[in-house]
Amino acid sequence: MDYRRTTIKDILAKTPGERVEAYGWVKTKRDSKGVSFVQLNDGSCFTDLQVVIEAGTLPDEDLKRVSTGACVMFAGELVESPAAGQAVELRGETITIYGEADPASYPLQKKGASFEFLREIAHLRVRGNTFGAVMRVRNRASYAVHRFFQERGFNWIHTPIITASDCEGAGAMFAVSTLLEAEPTPEGTQFRLKDTDPANDFFGKPAYLTVSGQLNVETHALGLTNVYTFGPTFRAENSNTPRHLAEFWMIEPEMAFCDIEGDMNLAEEFVREVIGDVLDHCGPDLDFFNKRIEPELLQTLEHVVNSGFERLTYTEAIKLLEASGENFEFPCDWGSDLQSEHERWLTEKKIGRPVIVTDYPKEIKAFYMYGNDDGQTVRAMDVLVPRIGELIGGSQREDRLDVLESRIVELGLPLEAYWWYLDLRRFGSAPHSGFGLGFERLVMYLTGMKNIRDVIPFHRTPGQADF
RNA sequence: UGCCGCAUAGCUCAGCGGUAGAGCAGCUGACUGUUAAUCAGCGGGUCGUAAGUUCGAAUCUUACUGCGGCAGCCA
């Protein structure tokens, strides 16, 4: 056996008359008096291969073991299908059974399982239509992300997962420590704290899982010019929503000699190109999502590829919201952050496609964003999209040493902790910009899936780390 | 973390004070090509856990646990 085999995707593209071997997992089996039909899928494509077994061809005891979930190989001749539903089918002549799946206890059935239930059997759910399609789209989108940046000369930078700077300010962090000792007890594992002084810990100081690679990757933009990260990110927030994970994958491009305008151009070009790539390469999967998950998916994706994003300043957005006549739960006045309901109204109702909002009040944005001449706003930009909300958050970075230093002091942050970040402005500073994009949110947008826990193989959320 | 909702067969759900139901799945059989196959029959449940109200609780009350939705935090 070798991975260089004929997959079901290959088989479906062959012409009738050839002899083939089809490996895969059984979706369903239908029996008639003289003939049995098996839907076989190996994940290589959305479409199943129909295997037809004439009565008497295979021993009854073998055929009986072919049930939903079983892993088998059928060999035989590929023939033109006499019935509607598929162009070709495999006439099964011999069978190898690799793994049975007891029908009485195999949890997947051919119809009607909720996503909530499937999350409990996340080790098996990828064998179904929806999760097979999600993972193929996720894979293609990952490839498209790298392709996009590589074709434009961006260097992929592997920023650290463990960080000792607790100064990133992007949210609650998971501590990384060896001071906590696990002890097996009759009641289960208990933790014991060996020491409370970080000086005696593994790194000799407090360490955490990264909440963003941005500060790190800025160093490489100021040397390699155009760079990006694509890796896991961790947030210890107690967030219980369909769009937050404790562990997720983030994409963060960073560009030297680039201002907020260039940053927006990249964000827009990036999103449109990745969507276009997935539209070109995941047709059958997207057709399925369009039919079963989100009726306007294809229309929306094609619309985004073919039309630009709307661009608004925060001040303009507030004016639109005030003039909307909508009865919002939270009032919107200049200076407070846009609430989910405001973002949704802007992108879903008012504009009807992705919107980039820029120039937010400095008080509601991070310390490192470039201050505008008005002294009130910073060069921040958020990309808001229908159904998802905030897909991208980015900014032009403050590259003036004195301005950045006074901003850090103003916010009561420890200047010394930022010594290397400030060095970037001290030695050869350059205008630079970048953004962060939550990869799972992009996959949600691409598939129409409503819960972020269903677009990652094994989700980590508060109270959930199974598998 | 706050507010709201849900928890009944393997799955999806109905029942909402009087002692447990359907569809699908499973099992047995029928049917010469099905494609969420169809048809007939059979088996399957301490109604999330604990306490309370009541002659009587799946049904009403409270707490807890789990899950989901909305909000906040953000990507």
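Residues numbered from 1 in each chain as written. Chains lettered and ligands numbered in written order. Predicted model: local features only at pLDDT ≥ 70, side-chain atom pairs only at ≥ 80, totals over all residues. Heavy atoms only, no water.

A. Region of interest: the overall build of chain A. Each helix and strand counted, chain A has 13 helices and 17 strands in total. Structurally, chain A occupies a C-alpha span of about 85 × 60 × 45 Å along its principal axes. Looking at the 467 residues of chain A, the share that counts as buried comes to 48%. The contacts in chain A between residues at least 6 apart in sequence include a share of 65% that link residues at least 24 apart. (Helix = DSSP H or I, 4+ residues; strand = E, 2+ residues; numbered from the N terminus. Buried < 20%, exposed > 50% of the residue type's maximum accessible area, 1.4 Å probe, protein only. Contact = heavy atoms within 4.5 Å.)

B. Spatial organisation of the side chain of serine 67. By secondary structure assignment, the location of serine 67 is in the loop between α2 (60–65) and β4 (71–80). The residues touching serine 67, leaving out its near neighbours within four places in the chain, are Val26, Ala101 and Pro103.

C. Highlighting the pattern of salt bridges. As enumerated under the stated definition, the model contains 32 salt bridges in all. As a salt-bridge pair, glutamate 268 and arginine 272 come within 3.0 Å of each other at their nearest N and O atoms. Taken together, the residues glutamate 268 and arginine 272, both in helix α6 (residues 260–281) and 4 residues apart, mark about one turn of the helix. Judged by its relative accessible area of 24%, arginine 272 falls in the partly exposed class. Through salt bridges that share partners, Arg140, Arg147, Glu151 and Asp277 make up one connected network. (Salt bridge = Lys/Arg side-chain N within 4 Å of Asp/Glu carboxyl O.)

D. View of the protein's contact with RNA strand B. In the region of RNA strand B, 51 residues are neighbours, and Ala84, Asn238, His244, Arg344 and Arg441 sit closest. Sugar and phosphate atoms constitute 54% of the interface atoms of RNA strand B, taking the interface as everything within 4 Å of the protein. Note that a base oxygen of RNA strand B is positioned 2.9 Å from one of the side-chain N or O atoms of glutamine 86. One of the side-chain N or O atoms of glutamine 339 is found 2.6 Å from a phosphate oxygen in RNA strand B. Counting only elements with at least two residues in the surface near RNA strand B, the list comes to β1 (19–31), β2 (35–41), β3 (49–54), α3 (115–120), β12 (247–256), α10 (340–351), β16 (389–396) and β17 (432–438). The leading source of residues in the surface near RNA strand B is β16, at 4 residues. Residue composition of the surface near RNA strand B, grouped by class: 15 nonpolar, 19 polar and 17 charged. (Near = heavy atom within 4 Å. Polar contact = N/O pair within 3.5 Å; in protein donor to acceptor, adjacent residues only side chain to side chain. Nonpolar A, V, L, I, M, F, W, Y, C, P; charged D, E, K, R; others polar.)

E. Seen up close, the domain arrangement of chain A. Considered domain by domain, chain A is made up of domain 1 (8–106) and domain 2 (129–173 + 211–454). The interface of domain 1 with domain 2 comprises 5 residues on the first partner and 6 residues on the second. Carbon and sulfur atoms make up 57% of the area that domain 1 and domain 2 hide from each other, which totals about 440 Å². For domain 1, the biggest contributors to the area lost against domain 2 are Lys27, Gly43 and Phe46; these three give 88% of the whole. Counting the contacts that link domain 1 with domain 2 gives 0 salt bridges. Run the count over domain 1 and domain 2 and you get 2 residue pairs in polar contact (both at pLDDT 80 or more). For the side of domain 1 that touches domain 2, the residue count by class is 2 nonpolar, 2 polar and 1 charged. (Domains from an automatic or database assignment. Buried area = accessible area lost by both parts, 1.4 Å probe.)

F. Broad picture of helix α12 (residues 419–426). Every buried residue belonging to α12 is among Tyr421, Leu422, Leu424 and Arg425, and all of these are buried. Along the long axis of α12, the arc covered by the buried residues comes to 140°, so they all point the same way. (Arc of directions from axis to C-beta.)

G. Looking closely at the pairing of strand β5 (residues 88–99). Bridging between β3 and β5 involves 2 bridges; their strand directions are parallel. Paired with valine 51 across the two strands is leucine 90, which belongs to β5. With 10 bridges connecting them, β4 and β5 associate as antiparallel partners. Bridged to alanine 75 within β5 is threonine 94. (Pairing = 2+ DSSP bridges.)

H. Structural context of the sheet that holds strand β11 (residues 226–234). The sheet built from 8 strands is open, its strands ordered β6-β11-β12-β17-β16-β15-β14-β13 with mixed pairing. Whereas interior strands pair on both sides, the edge strands pair on one side only; in this sheet they are β6 (155–156) and β13 (310–313).

I. Looking closely at the sheet that holds β2. One closed barrel holds the 5 strands; their spatial order is β1-β2-β3-β5-β4, and the pairing between them is mixed. In this sheet, adjacent strand axes meet at a mean angle of 55° when their direction is disregarded. Across 7 bridges, β1 lies against β4 in antiparallel orientation. Its bridge partner lying in β4, glycine 24 is registered against valine 72. (Axes fitted to C-alpha atoms, helices over the stretch in contact; angles between N-to-C directions.)

J. Fine view of the packing of helix α4 (residues 129–151) against helix α7 (residues 283–292). Taken N-terminus to C-terminus, the directions of α4 and α7 make an angle of 130°; their axes are 9 Å apart at the nearest point. The angle between α4 and α7 places the two elements in the oblique class. Seen from above, α4 lies across α7 with left-handed handedness. Residues Asn129, Thr130, Ala133, Val134, Arg136 and Val137 of α4 touch α7, and the partners they reach there are Asp285, Leu286, Phe288 and Phe289. When the residues that make up the contact of α4 with α7 are grouped by side-chain class, the tally is 6 nonpolar, 2 polar and 2 charged. (Parallel < 35°, antiparallel > 145°, perpendicular 65-115°, else oblique. Left-handed = near helix turned anticlockwise from the far one by under 90°.)

K. Region of the structure containing the pairing of β12. With 8 of 10 residues buried, β12 lies mostly within the body of the structure. Relative to β12, β11 runs antiparallel, the two sharing 9 bridges. Along β12, the bridge assignment pairs asparagine 226 with methionine 255. Sheet topology note: the β12/β17 ladder contains 5 bridges and is antiparallel. If you follow glutamate 254 over to β17, its bridge partner there is glycine 434.

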